[in-house]
Amino acid sequence: MEQNGRIIGVNGPVITVEGTGQFEMLEMVLVGHEKLIGEVIGVEDQHAIVQVYESTTGLKVSEPVIATGKPLSLQLGPGIIGGVFDGIQRPLEDIEDQSGPFITRGINITPLDKEKKWQVTVTVKVGDTLKGGDVVATVQETDLVLHKVMLHPDYCGVVEYAAKDGEYTVEEPIVKLRTQSDDLEEVKLYQEWPVRKPRPFKARKRLDQPLITGQRVIDTLFPITKGGTASIPGGFGTGKTMAQHQLAKWSNADIIVYIGCGERGNEIKGVLEDFPELIDPKSGKPLMDRTILIANTSNMPVAAREASIYTGITLAEYYRDMGYHVAIMADSTSRWAEALREISGRLEEMPAEEGFPAYLPSRLSQFYERAGYVENFNDSEGSVSIIGAVSPQGGDFSEPVTQNTKRFIRCFWALDRQLAYARHYPAIHWLNSYSEYMDDLEEWYKSNISEDFLNVRTKIIQLLQEENKLMEIVKLIGSDILPEEQKLILEIAKVIRLGFLQQNAFHDVDTYVPMEKQFHMMKTILYLYERSKDLVDKGIPLSELRKTGIYDELIKMKYTIGNEDMEQFKELYIRIDDFYEKVKDSYKSFERKKS
Amino acid sequence: MSIEYLGVKEVTGSLIILQGIKDIAYEEMVDIKLQNGENRVGRVIQLKEDMAVVQVFEGTTGISSTNTRTSFKGRALEIPLSREILGRTLDGLGRPIDGLGDILPDVKWDVNGSPINPIARLYPRNFIQTGISAIDGLTTLIRGQKLPVFSGNGLPHDALAVQIVNQARIMGDEGHNFAVVFGAMGVKNDVADYFRRSFEKSGVLEKVVMFLNLANDPVVERIVTPRCALTAAEYLAFEHNMHVLVILTDMTSYCEALREVSSSKGEIPSRKGFPGYMYSDLASLYERAGMLKDREGSITQIPILTMPNDDITHPIPDLTGYITEGQVVLNRAMYQRGIYPPINILPSLSRLMKDGIGDGYTRSDHPQVANQLFASYAHVQEVKALASVIGEDELTDIDKQYIAFGKVFEEQFVSQAKDENRAIEITLDLGWSILGILPKKELDRIDEETLNKYYKPYKKERE
């Protein structure tokens, strides 16, 4: 490769290069003698502006810059699942092999293992006519994921050679294709795809399948669909990362892409230690077998942090094209926005709000719009759901990243600091959060859970809202003054809060709760409310009801009732009936004695 | 070999701009010789064709545009390191100021370090007993953690840091291989002296390396001080397998120095004038804590910062909180009530606590007790808010019990003497004894079995 330009300025991760005409926008370049990876982000009259994905310490003016002639690209093929990559798809394990525990610069590593032999089943034969996106072979990538090798979306043609089933590396041609222009194209196990370019599909579909997470406050109150978008904003310490981990562990997506974008190194390590040990409840295999980790921690180069979000979503789209349901956890999009701001500042661009560049909203919308439930070129259906954490400065939701994100997502799980202080986790606040997917999911809930589901849910929300109103009064005058039926609402709302909304991620039973149990829990709470109300209407004071301990018993049902054991709810109903009769009788005798 | 350049094109704030230079590298060190013979050190922070922007650590006072000689060292800022640095006192750039002569280096390391590969880390799980109930019980410190103290001016954060250093013990490890690296940025003379005296008194001084940039030392030097301290810590931890506790104080001064340099470079500011890259910059310090899977040593960081105007949403504590693994927040009102250490446990948090306590680490009931204390104390605040409106007399009986619980909790659990060293069992038993003030059925965060084993109604201890 020959030199195409030379460095004339260095400012943090941004360098200025002399020698235009040879550089294209978003082209990948190699910078300096150490061949650091960079990307052209601006072409001016005589100069090109390059952001460098590694530390620029030690770069000198007039060091060479080499153009590669292609955009910064990912290698999409078997070997991605279960891997841990940095922001530009370099496997961290290989980096460790080369440079030890600290990441040094100028490491030349390929994203995929080029030596490893994969057991390939070829699914096309000579003479087949193929179009872009068609599956040509399959590889069992992990126990959980069957990798479908697809034709690059831009190619089509007639198969002229198909390899026999057997073991191949990613570099060996599996199929040779005679294209319309009479060229012979080799199809390998992997294809390259520009990191910033969305992968095409045939058509978008309606979002009407829920992404079940096993978290009660999400599944029941603020559900998200497969292909949907959600945002979890919260100040530090409110449990964003914990919530993201829970979703990554338990949601019913086929593949999870976890992007640790500008977060803590120990957290990534925690995921790496946790996930291989966690067993997927459906398949009985380790969760790592369906997970891709992208780790660009806060101390790794800022430009690679900016790219990590795109790397993550492109990998997700690739697996979507195979017909999988993929969920992306981006933790945290604020760090990504800050990386944009940092680079924008180095470019001396005119800032908009709080120093963020004016293109922040458009970048956010481009990112979130890559989610969706689609029909692929190969007629399979797949989805990409995005769940982005937002870390608002000072925990204040009016800052630009939260506000702009809110415009492009349809599901908002607001984490609340007061709840977190009281160790009420997940600290998703039921009054500030919303989901716009409820209408789309109505059918699903009706036919899969119960006709009654939406009514029950509405009643629960009403009780919580009622409680909120009453608490305003209680804060001023205390709860003693309230009439008995309002005290009852407070008591039931407490059962809902502690027994239903609060969920213990460290408890074996409570960490994941199936929809059916969620529904029964709500029904039981409402049944208790109904019975208690009847008693209160008869003039029995709430304190008498409380003495029986039935409310505390219901709070504990999340632990005491097994996730598969719906029969136990019947016993709970009987206990509520007993409680009802007992209180009624004792009160009758009390009344009799009085008279 | 290095060429000497004569003259400076421009001096702005703490920066000088040189022109007509060749073949120098980004972040290279610069020696600056003044007209009066004085030597200063600088660093290249921006390159543009034949111009270089150099940050002068000792400030630019007295630098003239004509008679200043600069030469480039061809490498980034390095400090000399050997095991002998233990017990030494160095300035903010790592040069000895204790009059004991130069350090004979085994190695010289770049102070900027390199990011730790996340997969080479070892997830921190070892409980460090500090002997302070509010920390051990509720915001447990773990070896390899970065746990800052958010304080305010006039609060006893220094005393707390000293107490942690004196009492910190790792369970099942008798701590022979223990060292303290103390980095002071913009700290007052007497505060630095207080630390020194305290270390001396408790006999750990020969295990301490001090990097001092005092309040009257050059502001820009502060940007390098924590980096020197952490480089020394990395050397001790990963070359000599020591368990290093790093105390960095005061991070607020550090951030202000960062702002000063940024503004003299003419950068576009973000919140409150702090530079947009402050998050990345702070992360490059805090993320240097941790453990590696193939080394025995560890780096535990306790950065101290004073929140301007006690405001936890100020950019400095805010960004810090997003990077560190929790925070210990001191509270002025509690201090005024005579509580030491005045740790406000509600906003305090240790993120690594969940994996380092309980069975096999501390005691099996620890997570539940901690959870219950948090929940009950949070409720105390609600009751207090109510009491301030309707008066304490009007509260329900149960709420009165909460008020009593809150008072005893603050006075007996949180509060302790500056030399009181409580073992974790004592802390947990104390927690149970105070939870006994509340009726059993209020304790909804503890399971039945544990409750039966430990719960007993509160008996007022004989005074």
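Residues numbered from 1 in each chain as written. Chains lettered and ligands numbered in written order. Predicted model: local features only at pLDDT ≥ 70, side-chain atom pairs only at ≥ 80, totals over all residues. Heavy atoms only, no water.

Asks: Would you mind going over the overall build of chain B in detail, with residue names and values included?
Replies: In terms of regular secondary structure, chain B is built from 13 helices and 21 strands. Since a compact globule built from 463 residues should have a radius of gyration of about 23 Å, the 25 Å found for chain B is in line with a globular shape. Based on the C-alpha atoms only, the size of chain B along its principal axes is roughly 80 × 50 × 40 Å. Expressed as a percentage of its 463 residues, the buried residues of chain B come to 62%. Long-range pairs, those at least 24 residues apart, make up 72% of the contacts in chain B between residues at least 6 apart in sequence. Working note: accessible area of chain B is about 17,500 Å², and carbon and sulfur atoms make up 47% of it. Here chain B contributes 50 positive and 63 negative side-chain charges, whose respective centroids are spaced 1 Å apart. (Helix = DSSP H or I, 4+ residues; strand = E, 2+ residues; numbered from the N terminus. Rg over C-alpha atoms; globule rule 2.2 N^0.38 Å. Buried < 20%, exposed > 50% of the residue type's maximum accessible area, 1.4 Å probe, protein only. Contact = heavy atoms within 4.5 Å. Areas by Shrake-Rupley, 256 points an atom, 1.4 Å probe, with all protein chains shown as cover. Lys, Arg positive; Asp, Glu negative; His and termini not counted. Charge placed at Lys NZ, Arg CZ, Asp CG, Glu CD.)

Asks: So what's going on with the pattern of salt bridges? Residues and values would help.
Replies: Residues and elements named next belong to chain B. As enumerated under the stated definition, the model contains 71 salt bridges over all chains in all. Asp-98 is the partner of Arg-88 in a salt bridge, and the nearest nitrogen-oxygen pair spans 2.9 Å. With a gap of 10 residues between them, Arg-88 in the loop between β8 (78-81) and β9 (89-91) and Asp-98 in the loop between β9 and β10 (107-110) connect regions that are remote in the sequence. (Salt bridge = Lys/Arg side-chain N within 4 Å of Asp/Glu carboxyl O.)

Asks: Report on the packing of aromatic side chains, specifying residues and quantitative values.
Replies: Enumeration according to the criterion identifies 23 aromatic pairs over all chains in this entry. With centroids separated by 6.1 Å and ring planes inclined at 85°, the aromatic side chains of A:Phe397 and A:Phe412 adopt a geometry described as edge-to-face. With A:Phe397 in the loop between β24 (381-390) and α8 (400-408) and A:Phe412 in strand β25 (residues 411-412), the pair connects residues that are 15 residues apart, well separated along the chain. Geometrically, the ring pair formed by B:Tyr5 and B:Phe72 is edge-to-face, given 5.8 Å between the ring centres and 80° between the ring planes. In this pair, B:Tyr5 is assigned in strand β1 (residues 4-6) and B:Phe72 in strand β7 (residues 69-72), connecting sequence segments 67 residues apart. Accessibility assignment for this pair places B:Tyr5 and B:Phe72 in one class, buried. In textbook terms, an aromatic cluster arises when at least three aromatic residues are bridged by ring pairs, as seen for A:Tyr310, A:Trp336, A:Phe367 and A:Tyr368. (Phe/Tyr/Trp six-rings, centres within 6.5 Å; stacked < 30°, edge-to-face > 60°.)

Asks: How would you explain unusual backbone geometry if you had to name every residue and give the values?
Replies: Along the chain, A:Tyr425 connects to A:Pro426 via a cis peptide bond; the corresponding omega equals -10°. As for its position among the elements, A:Pro426 is in the loop between α9 (417-421) and β26 (434-435). At the junction of B:Thr249 and B:Asp250, the peptide bond is cis and its omega measures out at 5° in the coordinates. Relative to the helices and strands, B:Asp250 resides in the loop between β17 (243-249) and α5 (251-264). Although it is not a glycine, B:Asp23 adopts a positive phi angle of roughly 55°. Note on placement: B:Asp23 falls in the loop between β3 (15-19) and β4 (29-33). The residue B:Asp310 is not glycine, and still its phi comes out positive at about 55°. One can find B:Asp310 in the loop between β19 (298-306) and α7 (315-323).

Asks: Talk me through the sheet that holds strand β9 (residues 118-122) of chain A; I want residue IDs and the actual numbers.
Replies: As a general point, the strands of a sheet are linked pairwise by backbone hydrogen bonds and lie either parallel or antiparallel. Residues and elements named next belong to chain A. Read from one edge to the other, the open sheet built from four strands follows the order β12-β11-β9-β14, with strand pairing classed as antiparallel. Only two strands of the sheet have a single partner each, and these edge strands are β12 (146-150) and β14 (166-168). Across the sheet, the axes of successive neighbouring strands diverge by a mean angle of 40°, strand direction being ignored. Where β9 and β14 come together, three bridges link them in antiparallel fashion. The residue of β14 that forms the bridge with Gln-119 is Glu-167. (Pairing = 2+ DSSP bridges. Axes fitted to C-alpha atoms, helices over the stretch in contact; angles between N-to-C directions.)

Asks: Kindly report on the pairing of strand β15 (residues 175-178) of chain A, identifying the contributing residues and their values.
Replies: Residues and elements named next belong to chain A. Only one face of β15 is buried, namely the one carrying Val-175 and Leu-177, since none of Lys-176 and Arg-178 on the opposite face is buried. Bridging between strand β13 (residues 157-162) and β15 involves four bridges; their strand directions are antiparallel. Paired with Ala-162 across the strands is Val-175, a residue of β15. Strand direction decides the pairing type here: β15 and strand β16 (residues 184-187), joined by four bridges, are antiparallel. Residue pairing across strands places Val-175 opposite Val-187, the latter belonging to β16. Adjacent in sequence and paired antiparallel, β15 and β16 are bridged by five residues, among which Asp-182 carries a positive phi angle near 65°.

Asks: Can you explain the nonpolar core? Please cite residues and give values.
Replies: All names here are of chain A. Counting 95 residues, the largest nonpolar core has Ile-387, Trp-413, Ile-492, Ile-496, Leu-545, Tyr-551 and Phe-579 as the members making the most contacts within it. No other element matches the 11 residues that helix α13 (residues 515-537) contributes to this core. Apart from the residues lying within four places of it in its own chain, the contact partners of Leu-545 are Ser-532, Leu-535, Val-536, Ile-540, Ile-550, Tyr-551, Phe-579 and Val-583. (Core = buried A, V, L, I, M, F, W, Y, C linked by side-chain atoms within 4.5 Å.)

Asks: I'd love a proper account of helix α3 (residues 189-201) of chain B, names of residues and values included.
Replies: Residue and element names in this part refer to chain B. Taking 1.5 Å per residue, 13 residues should reach 18 Å; α3 reaches 18 Å between its end C-alpha atoms and fits that length. Within the sequence span of α3, burial applies to Val-191, Ala-192, Phe-195, Ser-198 and Phe-199. Across the axial projection of α3, the buried residues extend over an arc of 125°, all falling on one side. Structural note: α3 exposes Asp-190 and Lys-201 on the side pointing more than 90 degrees away from its buried face. Turning to α3, the residues buried within the fold contact α2 (157-167), β15 (178-187), β16 (208-214) and β17. Looking one or two residues beyond α3, the residue adopting positive phi is Gly-203, at roughly 75°. (Expected span 1.5 Å × (residues − 1). Arc of directions from axis to C-beta.)

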